[in-house]
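Here is what each chain is made of, one letter per residue.
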Amino acid sequence: MLLPEESELIERVALALIQRKERMGTAESCTGGLIAAACTSLAGSSQWFERGVVSYSNEAKTELLGVPAALIGLHGAVSGEVAEQMARGLVAHAPVDWALAVTGVAGPGGGSEAKPVGTIWLALMHGRTRVRVWREHFSGDRHAVREQTVRAGLQALCDALEDRDS
């Protein structure tokens, strides 16, 4: 069940994409498809939502999105570099105008001193142009971290779409 603020964000994203005649997709790791599920909860989303790729493992990031294994080895799966390459890979492999990618440590385990639980990297691409790559740190349990990630990604996409429309 979506929260009212998530529903509003999705409606705003949908309206902006429909007006622009553009489509979006997601490349998700730690959220496991929650952003795609939120988007497709809106009836008629096939007009503007193209696909979601859940690339939970490092192998999936490489095979499905073309993220170089060496990049993952160098920076780790939870990094801005990998998030950006996930978004770039989706744009390269799918007919989307916008790509939103997320990778992180949702918990309760898996964190480290350098990348504690709640560390999330997000990337937003418009075509082959990098719009934004950023890190968030969310608190709470696994569910809370994942929900905050969904909202942060949708808000960034909404902001970018609305900025471009003005």
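Cut-offs used in this document
Residues numbered from 1 in each chain as written. Predicted model: local features only at pLDDT ≥ 70, side-chain atom pairs only at ≥ 80, totals over all residues. Heavy atoms only, no water. Salt bridge = Lys/Arg side-chain N within 4 Å of Asp/Glu carboxyl O. UniProt positions renumbered as here; feature names shortened; annotations may be inferred. Helix = DSSP H or I, 4+ residues; strand = E, 2+ residues; numbered from the N terminus. Buried < 20%, exposed > 50% of the residue type's maximum accessible area, 1.4 Å probe, protein only. Contact = heavy atoms within 4.5 Å. Pairing = 2+ DSSP bridges. Polar contact = N/O pair within 3.5 Å; in protein donor to acceptor, adjacent residues only side chain to side chain. Phe/Tyr/Trp six-rings, centres within 6.5 Å; stacked < 30°, edge-to-face > 60°. Lys NZ or Arg CZ within 6 Å of the ring centre and 35° of its normal. Core = buried A, V, L, I, M, F, W, Y, C linked by side-chain atoms within 4.5 Å.

- Under an unreviewed UniProt entry, the name given to the chain is CinA family protein, and the source organism is Roseateles amylovorans.

### Examining the pattern of salt bridges
Inference 1: A full pass over the atoms with the stated rule returns 8 salt bridges.
Inference 2: Where salt bridges share partners, they join Glu8, Arg12 and Glu162 into one cluster.

### Structural notes on the UniProt feature "domain: CinA C-terminal" (unreviewed entry) in the chain
Inference 1: Those residues carrying the UniProt feature "domain: CinA C-terminal" (unreviewed entry) are residues 8–159 in this numbering.
Inference 2: Within the segment residues 8–159, helix and strand shares are 44% and 23% respectively, and the terminal C-alpha atoms sit 13 Å apart.

### Structural notes on the environment of Glu84
Inference 1: The topology assignment puts Glu84 in helix H5 (residues 80–93).
Inference 2: Residue Glu84 is classed as buried on the basis of its relative accessible area, which comes to 13%.
Inference 3: Contact partners of Glu84, with chain neighbours within four places excluded, come to Ala123, Arg130 and Val133.

### A word on the pairing of strand E3 (residues 98–104)
Inference 1: Counted residue by residue, E3 has 7 buried out of 7 residues, so it is predominantly covered.
Inference 2: By the bridge criterion, 5 bridges tie strand E1 (residues 24–28) to E3 in an arrangement that is parallel. Considered in E3, the bridge of Gly25 is made with Ala99.
Inference 3: One ladder, built from 7 bridges, connects E3 with strand E4 (residues 119–126); its direction is antiparallel. Bridging across to E4, Ala101 finds its partner in Ala123.

### Notes on the side chain of Thr119
Inference 1: Positionally, Thr119 belongs in strand E4.
Inference 2: Looking at Thr119, the relative accessible area reads 3%, which means it is buried.
Inference 3: A distance of 2.7 Å separates a polar atom in the side chain of Thr119 from the backbone oxygen of Pro116.
Inference 4: For Thr119, the residues in contact, after removing those within four places along its chain, are Val78, Thr103, Gly104, Val105, Arg135, Glu136 and His137.

### Overview of the packing of aromatic side chains
Inference 1: Counted by the stated rule, this structure contains 1 aromatic pair.
Inference 2: Centre to centre, the rings of Trp48 and Phe49 are 6.3 Å apart; their planes meet at 85°, and the pair counts as edge-to-face.
Inference 3: Taking NZ or CZ as reference, Arg132 lies 4.0 Å from the ring centre of Trp134, over its face.

### Focus on unusual backbone geometry
Inference 1: Along the chain, Gly107 connects to Pro108 via a cis peptide bond; the corresponding omega equals 5°.
Inference 2: Examined against the element boundaries, Pro108 turns out to sit in the loop between E3 and E4.
Inference 3: Backbone geometry places Lys21, a non-glycine residue, at a positive phi of 60°.
Inference 4: Turning to its location among the elements, Lys21 is positioned in the loop between helix H1 (4–20) and E1.

### A few points about the nonpolar core
Inference 1: Val13, Met24, Trp48, Trp98 and Leu154 are the most contacted members of the largest nonpolar core, which has 32 residues in total.
Inference 2: Contributions of two or more residues to this core are made by H1, helix H2 (34–40), E3, E4 and helix H6 (142–165).
Inference 3: Broken down by element, this core gets its largest block of residues, 9 residues, from H6.
Inference 4: Core analysis: the next-biggest nonpolar cluster, separate from the first, contains 20 residues, Leu71, Ala77, Ala83 and Ala87 among them.

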